[in-house]
Amino acid sequence: MTIHQISVFLENRAGQLAEITGVLAQKGIDLRAINIAETSDYGVLRLIADNPQAAATTLLEQGFILSMTPVVAVSVPDQPGGLAKVLDVLAKENIDVEYMYSVFGQVNGLAHMVFRVADTDKLISVLKDNGLEPISSENLGIR
Amino acid sequence: MERYYQPEIECASRETILAWQNERLCKQVKNVWDNVPYYRRKMEEKGLTPDDIRGVEDLHKLPFVTKDDLREAYPYGLVARPLRDCVRIQSTSGTTGKRVVAFYTQHDLDLWEDCCARAIVAAGGTHEDVCQVSYGYGLFTGGPGLNGGSHKVGCLTIPTSSGNTERQIMFIRDLNATILCCTPSYAAYLGETMKEMGLSPDEIPLKAGIFGAEAWSEEMRRSIQETLGIKAYDIYGLTELSGPGVAFECSEQSGMHINEDHFIAEIIDPQTGEVLPEGSQGELVFTSITKEAFPLLRYRTRDICVLSRKSCSCGRTHVKMSKPRGRSDDMLIIKGVNVFPSQIETVLLAQGYQANYQMIVDRVNNTDTLEVQVEMTPENFSDNLAQITQMEKSLVAALKAMLGIYAKVRLVAPKSIARSEGKAVRVIDKRKI
Ligand SMILES: [Zn+2]
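Within chain A, the regular secondary structure consists of four helices and seven strands. Counting from the amino terminus, helix and strand elements in chain A follow one another as β-α-β-β-α-β-α-β-β-α-β. Burial analysis of chain A (143 residues in total) assigns 48% to the buried set. A separation of at least 24 residues holds for 70% of the contacts in chain A among residues at least 6 apart in sequence.

In structure tokens:
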């Protein structure tokens with residue numbers, strides 16, 4: 001039930017992000033989600049691609065430093081309080097969220113959030129226990 | 001069993017070496033007095049004649065020669081032989097001002113190649129070996145010197161020169177090169193590239209490397225030895241004196257034996273010029289006593305190091321010099337503190353980074369600033385920004401502990417710092433007042 005996120009080291013240099021999205025687009029790779037964490041000097045780009053293997057290979061060939069990180073995607077009702085409900089559950093179960101971000105657009109009328117936690121297995125079982133279904137890669141259109 | 005190229009010289013008694021030095025020094029002083037007006041003038045200014053120099057104990061009376069003197073004398077000012085007797089020039093890769101051009105007679109080339117052959121044999125080389133010379137050929141002395149030494153030892157010599165990494169690796173593998181000669185930064189780069197290709201040290205036929213022309217640290221030695229599966233030996237030299245082979249490492253890998261039959265070494269206080277006792281750290285000064293075409297008396301190398309006459313387990317009797325802490329040309333004074341690039345290298349390797357870095361020195365509001373650009377490595381990368389920030393902080397702390405001043409660290413993308421196929425540009429000093 002985990003999804004492969006690609007984490008890429010970003011140098012603080014104009015045009016680097018355009019370069020990355022450019023080479024991926026050239027290979028016909030579509031992005032499902034993207035998130036950037038940065039300091040003034042460098043950053044980490046996290047992305048979810050429809051073909052993670054091809055995306056990773058392409059970026060490695062371009063000389064980028066990257067790692068594959070398992071994350072969990074959860075559908076969140078696209079209405080006020082939808083996200084709060086999920087976060088409440090995680091807080092109650094003592095699950096520390098390292099970071100989270102949203103997936104582009106909606107699938108079946110639902111918004112989706114990606115969660116990065118230390119223990120993904122625990123997160124998945126907690127979600128299930130609370131009637132929140134993690135979304136599979138296939139449902140997000142990931143090969 | 002330790003092997004020597006010229007055992008009767010390399011293991012001669014101290015008395016014999018001193019006797020050679022006394023005799024050759026007197027002859028050399030007489031030679032430059034007669035043939036180089038520049039030296040004669042400098043000696044006359046000090047009230048000296050050749051009769052005042054009766055041996056090594058009188059060496060300190062002679063004036064120094066500096067790199068500036070060589071530039072001033074460009075091109076023929078210090079040549080001691082008619083040009084018809086000279087057969088070669090080599091030249092330094094001067095970044096500013098005039099180049100330095102050194103001249104060689106056939107005899108000079110012969111002795112220089114002997115020195116390089118001593119280094120190759122000390123690294124375990126025999127006529128059974130295949131020696132790949134990946135130093136630049138041409139005006140740079142690295143390629144021609146080791147090439148000549150390799151021929152003298154009888155190695156099958158592959159003169160790849162520098163650059164074209166793919167072809168370097170192809171020859172190492174296809175022709176089973178056992179000895180590699182190049183700059184340490186290029187050796188590290190070759191090792192890194194072969195590792196990326198999935199080659200384990202067992203699959204690389206190399207057994208030894210002779211690396212010089214750049215400052216490098218013990219940590220860098222360890223990492224090169226590990227990735228290439230070799231023993232890495234240091235070699236020292238200056239174009240002004242001949243080229244590589246002025247000093248070389250033996251099996252002990254703890255300092256380089258200076259070829260004292262050709263060069264007399266002194267350590268001086270770089271500020272006062274005073275000769276310091278054995279074991280003191282100071283600037284290395286060389287006198288070339290066998291050079292015919294381009295003899296140098298008391299040449300200031302700007303290299304800071306220590307000499308040791310402690311007996312060496314390899315059996316060689318010639319004095320050993322420590323790895324230079326850095327050329328004092330490289331030595332930077334930042335916020336009043338002496339900083340050597342080699343110190344930065346030591347910290348980086350200890351913290352799991354590659355030794356590929358660049359120092360940017362600047363002055364902002366009358367205060368010196370130092371920024372160290374370091375390449376991110378796959379091992380140190382994390383999807384968690386806080387973890388990267390933490391590692392950066394620990395690198396800053398380690399640099400502070402080593403240097404005594406704050407250095408800003410800037411993590412950059414891999415391979416974004418220009419790789420050295422010749423000499424690496426480690427320092428960019430923007431302070432121009
Ligand atoms: Zn020795």
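We now examine the overall build of chain B. Secondary structure assignment for chain B yields 11 helices and 19 strands. Counting only residues that meet the buried cut, chain B has 57% of its 433 residues in that class. For chain B, long-range pairs separated by at least 24 residues make up 66% of all intrachain contacts whose partners lie at least 6 apart in sequence.

Geometry sets the ideal angles at a metal, namely 109.5 degrees for four tetrahedral donors and 90 or 180 degrees for six octahedral donors. Residue and element names in this part refer to chain B. Coordination sphere of the zinc ion, protein contribution only: Cys 250 (SG), His 257 (NE2), Cys 312 (SG) and Cys 314 (SG), at 2.1 to 2.2 Å. Seen from the zinc ion, its four donor atoms lie at angles of 103 to 113°, and the figure they make is tetrahedral. Of note, the donors binding the zinc ion are all from one chain and are spaced C-x6-H-x54-C-x1-C. Here Cys 250 is found in the loop between strand 8 (243–249) and strand 9 (256–258), whereas its partner Cys 314 is found in the loop between strand 12 (299–308) and strand 13 (320–321), with 64 residues between them in sequence. In this pair, the class of Cys 250 matches that of Cys 314, namely buried.

What follows covers the packing of helix 10 (residues 341–350) of chain B against helix 11 (residues 385–403) of chain B. Residues and elements named next belong to chain B. Contact geometry of helix 10 with helix 11 gives a least axis separation of 10 Å together with a crossing angle of 140°. Taken together, helix 10 and helix 11 sit at an angle that is classed as oblique. The handedness of the crossing between helix 10 and helix 11 comes out as right-handed. Only Leu 395, Ala 398, Leu 399, Met 402 and Leu 403 of helix 11 make contact with helix 10, whose side of the interface consists of Gln 343, Ile 344, Thr 346, Val 347 and Leu 348. Of the residues belonging to the contact of helix 10 with helix 11, the class tally is eight nonpolar, two polar and no charged.

A few words on the interface of chain A and chain B. Across the contact, 23 residues belong to chain A and 19 residues belong to chain B. Summing the contributions of chain A and of chain B, the shared interface buries around 1500 Å²; its carbon and sulfur component is 61%. Linking chain A with chain B are three salt bridges, by the criterion used here. Put simply, B:Lys408 and A:Asp41 hold a salt bridge, and the shortest N to O gap is 2.5 Å. For the pair chain A and chain B, the number of links is eight residue pairs in polar contact (both at pLDDT 80 or more). The set of elements that each furnish at least two residues to the side of chain A that touches chain B consists of strand 1 (3–11), strand 2 (31–38), strand 3 (42–49), strand 4 (66–76) and strand 5 (97–102) of chain A. When residues of the side of chain A that touches chain B are assigned to their parent elements, the largest contribution, five residues, is made by strand 1 of chain A. A per-class count over the side of chain A that touches chain B returns eight nonpolar, nine polar and six charged.

Residue and element names in this part refer to chain B. Examined bridge by bridge, strand 16 (residues 357–364) and strand 17 (residues 367–375) share eight bridges and lie antiparallel to one another. Across the sheet, the residue bridging to Met 359 is Val 372, located in strand 17. Strand direction decides the pairing type here: strand 16 and strand 19 (residues 427–429), joined by three bridges, are parallel. From the neighbouring strand, Val 361 faces strand 19, where its bridge partner is Asp 429.

Attention now moves to the sheet that holds strand 8 of chain B. Two modes of strand pairing occur in sheets, parallel and antiparallel, and in both the strands are linked by backbone hydrogen bonds. All names here are of chain B. Strand order across the open sheet formed by 11 strands is 4-3-5-6-7-8-9-13-12-11-10, with mixed pairing between neighbours. The open sheet has two free edges, formed respectively by strand 4 (156–158) and strand 10 (263–268), since each of these has just one partner strand. Taken strand by strand, helix 9 (residues 218–228) contacts strand 5 (179–182), strand 6 (208–212), strand 7 (231–238) and strand 8, and its axis lies near 130° from that of strand 7.

All names here are of chain A. Bridge analysis of strand 2 against strand 3 gives seven bridges, and the strand direction is antiparallel. Counted as the bridge partner of Ile 34 is Leu 47 from strand 3. Hairpin connection between strand 2 and strand 3: a loop of three residues separates the two successive antiparallel strands.

All right, on to the sheet that holds strand 16 of chain B then. All names here are of chain B. Across the sheet, which stays open at both edges, the four strands sit in the order 18-17-16-19 with mixed pairing between neighbours. Sheet topology places strand 18 (408–412) and strand 19 at the edges, where each strand pairs with a single neighbour. The sheet shows a mean angle of 20° between the axes of neighbouring strands, direction not considered. Of the strands in this sheet, strand 16, strand 17 and strand 19 are in contact with helix 10, which crosses strand 16 at around 125°. Contacting strand 17 and strand 18, helix 11 runs over the sheet at an angle of about 135° to strand 18.

Okay, the confidence of the model for chain B next. Per-chain confidence: chain B averages 91 in pLDDT, with 95% of residues scoring 70 or above. ipTM for the predicted complex: 0.86, alongside a pTM of 0.66.

Residue and element names in this part refer to chain B. In a regular helix each residue adds 1.5 Å, so 12 residues correspond to 16 Å; helix 6 (residues 142–153) covers 17 Å between its end C-alpha atoms and thus fits that length. Here helix 6 lies mainly inside the structure; 10 of its 12 residues are buried. Among the residues of helix 6, Gly 142, Gly 143, Pro 144, Gly 145, Leu 146, Asn 147, Gly 148, Gly 149, Ser 150 and Val 153 are the ones counted as buried. Backbone geometry just after helix 6 places Gly 154 at a positive phi near 95°.

With that settled, the discussion passes to the pattern of salt bridges. Residues and elements named next belong to chain B. What the rule picks out here adds up to 32 salt bridges over all chains. Here Arg 14 and Glu 260 are joined by a salt bridge, their closest N and O atoms 2.7 Å apart. One end of the pair, Arg 14, is in helix 2 (residues 14–35); the other, Glu 260, is in the loop between strand 9 and strand 10, and 246 residues separate them in sequence. With a shortest N-O distance of 2.9 Å, Lys 30 and Asp 34 are connected by a salt bridge. Of this pair, Lys 30 and Asp 34 are both found in helix 2, four residues apart, which corresponds to roughly one turn of the helix. Counted as one network, the salt bridges with shared partners bring together Arg 363, Asp 368, Asp 429 and Arg 431.

Bringing the environment of B:Asp202 into the picture now. If you trace the backbone, B:Asp202 turns up in the loop between helix 8 (184–196) and strand 6. For the pair B:Asp202 and B:Ile230, spaced 28 residues apart in sequence, the C-alpha separation works out to 9.9 Å.

What follows concerns the packing of aromatic side chains. Summed over the entire model, instances satisfying the criterion amount to 12 aromatic pairs over all chains. For the pair A:Phe9 and B:Phe381, a centre-to-centre distance of 6.2 Å together with 80° between the ring planes defines the contact as edge-to-face. With A:Phe9 in strand 1 and B:Phe381 in the loop between strand 17 and helix 11, this pair bridges two chains. The exposure classification of A:Phe9 matches that of B:Phe381, with both residues buried. Taking 6.1 Å as the distance between ring centres and 70° as the angle between the ring planes, the aromatic pair formed by B:Phe263 and B:Phe286 counts as edge-to-face. Taken as a pair, B:Phe263 in strand 10 and B:Phe286 in strand 11 (residues 281–288) lie far apart in primary sequence, 23 residues in all. By the burial criterion, B:Phe263 is buried, and B:Phe286 matches it. Every member of this aromatic cluster is reached through a ring pair, and the members are A:Phe9, A:Tyr42 and B:Phe381. The positively charged end of A:Arg46 is found above the aromatic ring belonging to A:Tyr99, 3.4 Å away from the centroid.

Thresholds applied
- Residues numbered from 1 in each chain as written.
- Chains lettered and ligands numbered in written order.
- Predicted model: local features only at pLDDT ≥ 70, side-chain atom pairs only at ≥ 80, totals over all residues.
- Heavy atoms only, no water.
- Helix = DSSP H or I, 4+ residues; strand = E, 2+ residues; numbered from the N terminus.
- Buried < 20%, exposed > 50% of the residue type's maximum accessible area, 1.4 Å probe, protein only.
- Contact = heavy atoms within 4.5 Å.
- Donors = N, O, S within 2.8 Å, 3.2 Å for Na, K, Ca; no water.
- Tetrahedral: all angles 85-135°; square planar, octahedral: opposite > 155°, others 65-115°.
- Axes fitted to C-alpha atoms, helices over the stretch in contact; angles between N-to-C directions.
- Parallel < 35°, antiparallel > 145°, perpendicular 65-115°, else oblique.
- Left-handed = near helix turned anticlockwise from the far one by under 90°.
- Nonpolar A, V, L, I, M, F, W, Y, C, P; charged D, E, K, R; others polar.
- Buried area = accessible area lost by both parts, 1.4 Å probe.
- Salt bridge = Lys/Arg side-chain N within 4 Å of Asp/Glu carboxyl O.
- Polar contact = N/O pair within 3.5 Å; in protein donor to acceptor, adjacent residues only side chain to side chain.
- Pairing = 2+ DSSP bridges.
- pLDDT = per-residue confidence, 0-100.
- Expected span 1.5 Å × (residues − 1).
- Phe/Tyr/Trp six-rings, centres within 6.5 Å; stacked < 30°, edge-to-face > 60°.
- Lys NZ or Arg CZ within 6 Å of the ring centre and 35° of its normal.

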